[in-house]
Amino acid sequence: MLDVLGLEPDDEHVYRALLGRPNSTTIVLSDQLDLPHAHVDKALSRLVEWGLVTRSADERFTAAPPAMALGALISQRRDGLRMAEHALVTFAEEHRAAMTGSSISDLIEVVTGVDAIRHRFLQVQQAARTQVRSFITAPFVALPPDENTAEPMAIGRGVQFRAVLDRAVLAEPGILDDAIDSLRRGVQLRVADQLPMKLVLADADLGLVPLAVTPDGEPGAALLHRSGLLDALDALFETVWRTADPLALSAEVGGSEPTVEVGPHGPTELDRRILALLLAGLTDLAAATQLGLSQRTLHRRLRHLMDLAGVRTRMQLGASAVRNGWAEPLRA
């Protein structure tokens, strides 16, 4: 737990033991923790050096109050991270200046293999300072959306995320739950009928795009630094973003197949989700699969919605749903 502060596992174990047993000796701690005497001794020396533990004249040790000792250590780490962030900006500017007039080989790095692509994909997001933009298409070669650990971390430090999903992606198992989680975190999602490629952009500085599979069958990708090509991909994303449809999903669905009745003031939450999926372009089978419904149940609910809206066709139902606000964006 405290490894982020630079503590070793033995350090943390010894400190926590001392919280409950002040004025302990090395031998007592060694017996209590079932650790070699030398390991406990080294841990105590480090803890004393960091101000987390005090040593008496008779070689007894007491843990300093956590709020004071750990609080000070956390503040030091936080100040260090701020300095590192300032250094990052400086280094980035120096790198950008150095890349001006560089050769093509300096501006484009070829990455081969699933593991290497996954590593670069996470790094690109971690490097972003203001925004990350991406095209999401199937199949997911390096990293499925639910394993993208860099996204929530970047959002936590204030990075804005915008993504366009290829409409076919909405039929992938579990993608709707992932989309709902992303929407709740503040990610902006839109849907396009067809995307030209996979793409991830960090600010205007880095881009990752796929390459053809190698003769050995391994996928490849190109990491692009700031250049005219990266500017073109920037413009491509913004053009597609403007014409894509905002993704509207309902956040709540019952655990079992609900009845057909609607709420007193309009469609139920499940009805709204059905409408959102069909308006996004999913087939009946894909929508039913995503919602855990049978096609028969989905058709029955659609017929009931048509009766509620007073229409006879699905096209009329779609227009009525949009007009009456039945397919609204996610509500957390």
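Residues numbered from 1 in each chain as written. Predicted model: local features only at pLDDT ≥ 70, side-chain atom pairs only at ≥ 80, totals over all residues. Heavy atoms only, no water.

An unreviewed UniProt entry lists the protein under the name Helix-turn-helix domain-containing protein, from Streptomyces narbonensis.

J.: Before we go on, may I ask you to explain the overall build of the protein in this structure?
T.: A count of helices and strands for the protein gives 13 helices and ten strands. In the protein, once contacts between residues fewer than 6 apart in sequence are set aside, the share between residues at least 24 apart is 70%. Taken as a whole, the protein presents about 18,100 Å² of accessible surface, with 55% of it coming from carbon and sulfur. (Helix = DSSP H or I, 4+ residues; strand = E, 2+ residues; numbered from the N terminus. Contact = heavy atoms within 4.5 Å. Areas by Shrake-Rupley, 256 points an atom, 1.4 Å probe, with all protein chains shown as cover.)

J.: Sorry, what's going on with the sheet that holds strand S5 (residues 160-166) here?
T.: Sheets are built from strands that pair by backbone hydrogen bonding, the pairs being arranged parallel or antiparallel. Pairing is mixed in the open sheet, where eight strands are placed in the order S3-S9-S8-S7-S4-S5-S6-S10. Either end of the sheet is taken by a strand with one partner, and the two such strands are strand S3 (108-112) and strand S10 (245-246). Pairing of strand S8 (residues 206-211) with strand S9 (residues 220-225), which is carried by six bridges, proceeds in the antiparallel orientation. Note on S9: the bridge partner recorded for Gly207 is Leu224. (Pairing = 2+ DSSP bridges.)

J.: So what exactly am I meant to see when it comes to the pattern of salt bridges here?
T.: Opposite charge on two side chains allows them to pair when their charged atoms are near. Per the stated rule, a full pass over the model turns up 15 salt bridges. Put simply, Asp11 and Arg46 hold a salt bridge, and the shortest N to O gap is 2.7 Å. In this pair, Asp11 sits in helix H1 (residues 9-20) while Arg46 sits in helix H3 (residues 37-49), placing the two residues 35 residues apart along the sequence. You can call Asp11 buried: its relative accessible area is 0%. Residue Arg46 is classed as partly exposed on the basis of its relative accessible area of 27%. Two residues, Arg301 and Asp271, come together in a salt bridge whose shortest N-O distance is 2.7 Å. Here the residue Arg301 occupies a position in helix H12 (residues 295-309), and Asp271 occupies one in helix H10 (residues 269-279), the gap between them amounting to 30 residues. Using a relative accessible area of 1% as the deciding quantity, one classes Arg301 as buried. Residue classification places Asp271 among the buried positions, given a relative accessible area of 1%. Overlapping salt bridges bring together Arg133, Arg162, Asp234 and Glu238 as one network. (Salt bridge = Lys/Arg side-chain N within 4 Å of Asp/Glu carboxyl O. Buried < 20%, exposed > 50% of the residue type's maximum accessible area, 1.4 Å probe, protein only.)

J.: Would you mind showing me how to read H10 here?
T.: Turn by turn, an α-helix covers 3.6 residues, leaving residues three or four places apart pointing in a common direction. With eight of eleven residues buried, H10 lies mostly within the body of the structure. For H10, the full list of buried residues reads Leu270, Asp271, Arg272, Arg273, Ile274, Leu275, Ala276 and Leu277. For H10, the secondary structure elements touched by its buried residues are helix H8 (175-184), helix H11 (284-291), H12 and helix H13 (314-324). A positive backbone phi angle near 105 degrees is found at Gly281, which sits one or two residues after H10.

J.: In this structure, what is going on with the nonpolar core? I would like to understand it.
T.: Within the largest apolar cluster, 46 residues are counted, with the highest numbers of intra-cluster contacts made by Val124, Leu170, Leu189, Ile274 and Leu317. Beyond its immediate sequence surroundings of up to four residues, Val124 is in contact with Val200, Ala202, Leu206, Leu208 and Leu223. One finds Leu29, Val40, Leu44 and Leu52 within the second-largest nonpolar core, a separate group that totals 16 residues. (Core = buried A, V, L, I, M, F, W, Y, C linked by side-chain atoms within 4.5 Å.)

J.: Honestly, the packing of H11 against H12 in this entry has me stumped. Any pointers?
T.: Packed helix pairs are characterised by how far apart their axes lie and by the angle those axes make with each other. Contact geometry of H11 with H12 gives a least axis separation of 9 Å together with a crossing angle of 105 degrees. On the basis of their axis angle, the class for H11 and H12 is roughly perpendicular. In contact with Asp284, Leu285, Ala287 and Ala288 of H11, H12 contributes Gln295, Leu298 and His299. When the residues that make up the contact of H11 with H12 are grouped by side-chain class, the tally is four nonpolar, two polar and one charged. (Axes fitted to C-alpha atoms, helices over the stretch in contact; angles between N-to-C directions. Parallel < 35°, antiparallel > 145°, perpendicular 65-115°, else oblique. Nonpolar A, V, L, I, M, F, W, Y, C, P; charged D, E, K, R; others polar.)

J.: What should I look at first to understand the pairing of strand S6 (residues 188-192) in this one?
T.: Two faces, one strand: in a regular strand the side chains alternate between the faces of the sheet. Inspection of the sheet shows S5 paired to S6 by five bridges, in the parallel sense. Bridged to Ala163 within S6 is Leu189. As a crossover connection, the stretch from S5 through H8 into S6 is right-handed. (Right-handed = clockwise from strand over helix to strand, strands pointing away.)

J.: What is the right way to look at the packing of H10 against H13 in this model?
T.: Two numbers describe how H10 lies on H13: the axes approach to 11 Å, and their chain directions differ by 115 degrees. It follows from the interaxial angle that H10 and H13 lie roughly perpendicular. Where H10 crosses over H13, the handedness of that crossing is left-handed. Listed contacts from H13 to Leu275, Leu278 and Leu279 of H10 are Arg314, Leu317, Gly318, Ala321 and Val322. (Left-handed = near helix turned anticlockwise from the far one by under 90°.)

J.: Is there a simple way to explain the environment of Val111 in this structure?
T.: Relative to the helices and strands, Val111 is located in strand S3. Residues Val111 and Leu223, 112 residues apart in the sequence, show an inter-C-alpha distance of 7.1 Å.

J.: Please explain the packing of aromatic side chains as it appears in this structure.
T.: Each aromatic ring pair is described using two quantities: the centre-to-centre distance and the angle formed by the ring planes. Counted according to the given criterion, the structure contains two aromatic pairs. Judged by centre distance (5.4 Å) and plane angle (25 degrees), the rings of Phe135 and Phe237 are stacked. Of this pair, Phe135 sits in strand S4 (residues 131-136) while Phe237 is found in helix H9 (residues 228-243), placing the two residues 102 residues apart along the sequence. Classification of Phe135 as buried rests on a relative accessible area of 3%. With a relative accessible area of 0%, Phe237 lands in the buried category. Judged by centre distance (5.9 Å) and plane angle (20 degrees), the ring pair of Phe237 and Trp241 falls under stacked. Placement of the pair is Phe237 and Trp241 together in helix H9, with a separation of four residues, close to one helical turn. By relative accessible area, which is 7% here, Trp241 ends up buried. Positioned above the aromatic ring of Trp241, the side-chain terminus of Arg162 is 5.1 Å from the ring centre. (Phe/Tyr/Trp six-rings, centres within 6.5 Å; stacked < 30°, edge-to-face > 60°. Lys NZ or Arg CZ within 6 Å of the ring centre and 35° of its normal.)

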